[in-house]
Amino acid sequence: MEVRVLRHNFLPSLYRQTTEKLPLTRLRREIDLTMKKILQTEIPVSREARELFDQCMAHLLPLMKTNQYNLDCSEPPLYAGDVTPWTPYKKESPCYLIQMKVGKLHGLYVEPGYVVFPLSVKTDKKVVKVYKLDLRSDDKHHLSPRKMYKAVFLVFEAAIAKLKKALSKSRSTLTTASTTATDRTRNVITDKPPIVPNVRLKVRGEDLCLVMSLPGGHEVEIIPTITTSPEGPFIVAKPYEHDQNPSSDMLWRLNYSPNEEHILTAVTNGDREQRINAAKILTFMCQKEWKLNHVTAYQVKNILMHEINFQIDHTPRWQRFTPEECMHMVLLKMLEFTRERFLPHFFEEDLNLWEHLTEKQFRFMRSELEQLTRDDDEMLKVITRIRVDKIDY
């Protein structure tokens with residue numbers, strides 16, 4: 001499979017002068033109030049769950065390299081970000097990409113955003129390492145993403161069983177006061193105590209969810225992933241939120257979540273979160289305004305990255321813009337894509353994230369965005385409306 005070089009592997013950190021004072025306007029005051037409400041009402045991804053998952057995987061990863069299924073999942077998991085291209089298991093549950101080594105597979109691009117992995121008709125151990133599991137699709141000629149879910153589930157179960165056995169052995173050696181055996185066990189285990197998780201495979205509609213339960217009621221979604229290179233793309237078994245064929249037994253999806261997180265982290269460090277806050281307000285607006293309520297948070301995330309890309313290429317001092325200007329520019333970029341009826345994925349430019357929308361939805365969206373970008377008074381009116389809760393009489 002050909003590995004493509006991604007754009008924008010690094011964005012410079014840019015800082016606003018600390019002596020600069022932003023002008024206070026009615027619109028900026030309303031933006032600040034709306035941002036406060038969003039922060040109060042949103043359900044953030046649990047940071048505690050992420051810390052517990054890291055602590056758990058520190059002990060599990062060494063046990064996931066060798067198993068009876070010959071599926072090596074010992075590469076460090078990759079965080080998929082706070083905003084993902086698929087519907088998360090729960091809003092507060094973080095998603096992690098579990099990298100797999102499955103032998104010499106060659107992926108084929110079948111359409112923008114989608115990949116298949118053809119398998120030889122013969123059962124060749126060199127072609128597919130996981131020869132002790134049935135991983136073929138229904139047509140017997142492709143690697144099945146749905147069956148790979150079960151394979152990763154079995155690998156986790158085997159690693160958890162090994163961890164339980166090691167802990168049981170460690171406790172028995174402690175009771176017999178065998179110092180040598182205890183030291184040998186501690187060489188494998190990290191400073192923090194091991195966590196024994198519970199892993200379940202759930203079915204939600206046409207979607208499969210592999211969920212790890214951690215102490216305190218925390219849950220983490222884990223997604224089987226084939227990595228072509230450390231820089232991406234990452235090929236996942238999880239369908240998109242508006243997938244063309246979510247129940248497909250052979251289609252894998254391209255994913256760039258780690259690259260997206262790298263870009264947004266650089267932007268956050270550069271403009272004191274002004275662009276990120278503008279995107280959050282736009283996402284909140286799309287949830288509240290019926291003409292925009294078919295636009296998802298991940299689509300807004302892509303609009304933001306396109307806008308950042310444009311400003312870095314043309315105006316290196318973009319970090320000096322005010323919150324009002326940030327909102328205006330993101331809305332203008334969204335209007336541009338609406339007029340074209342095409343929202344390209346930031347890394348897969350041939351993939352239209354709005355392909356599922358109807359002509360009527362585009363017409364309503366364009367009308368709303370043209371009003372918002374026409375003058376600040378209209379934007380002030382809409383932002384005030386979405387901030388103030390409706391009173392039912």
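This structure is a prediction, so every number in the text was calculated from the model and none was measured.

Rules of the game
- Residues numbered from 1 in each chain as written.
- Predicted model: local features only at pLDDT ≥ 70, side-chain atom pairs only at ≥ 80, totals over all residues.
- Heavy atoms only, no water.
- Helix = DSSP H or I, 4+ residues; strand = E, 2+ residues; numbered from the N terminus.
- Salt bridge = Lys/Arg side-chain N within 4 Å of Asp/Glu carboxyl O.
- Contact = heavy atoms within 4.5 Å.
- Axes fitted to C-alpha atoms, helices over the stretch in contact; angles between N-to-C directions.
- Nonpolar A, V, L, I, M, F, W, Y, C, P; charged D, E, K, R; others polar.

A. Up close: unusual backbone geometry. Put simply, Gly232 and Pro233 share a cis peptide bond, and its omega is 0°. Residue position: Pro233 is located in the loop between β7 (218-227) and β8 (234-236). A positive phi angle, near 70°, is found at Lys140, a position not held by glycine. By secondary structure assignment, the location of Lys140 is in the loop between β4 (114-116) and α3 (145-175).

B. Region of the structure containing the pattern of salt bridges. Enumeration over the complete set of coordinates arrives at 18 salt bridges. One salt bridge in this structure joins Arg387 and Glu30, with 2.3 Å as the shortest N-O distance. Here Glu30 lies in helix α1 (residues 26-41) and Arg387 lies in helix α10 (residues 376-387), a separation of 357 residues in the sequence. A salt bridge links Glu221 to Lys238; the nearest nitrogen and oxygen atoms lie 2.5 Å apart. Here Lys238 lies in the loop between β8 and β9 (252-255) and Glu221 lies in strand β7, a separation of 17 residues in the sequence. A network of salt bridges, in which partner residues are shared, links Lys90, Arg200 and Glu219.

C. A look at the side chain of His306. Summarising the element assignment, His306 is placed in helix α7 (residues 297-314). If we skip the residues at most four places from it in the chain, His306 touches Lys333, Phe337, Pro344, His345 and Phe346.

D. Summary view of the packing of helix α9 (residues 359-374) against α10. Between α9 and α10, the shortest axis-to-axis distance is 6 Å and the interhelical angle comes to 115°. Of the residues in α10, those touching α9 at Glu368, Gln371 and Leu372 are Glu378, Met379, Val382 and Arg385. Within the contact of α9 with α10, the residues separate by chemical class into three nonpolar, one polar and three charged.

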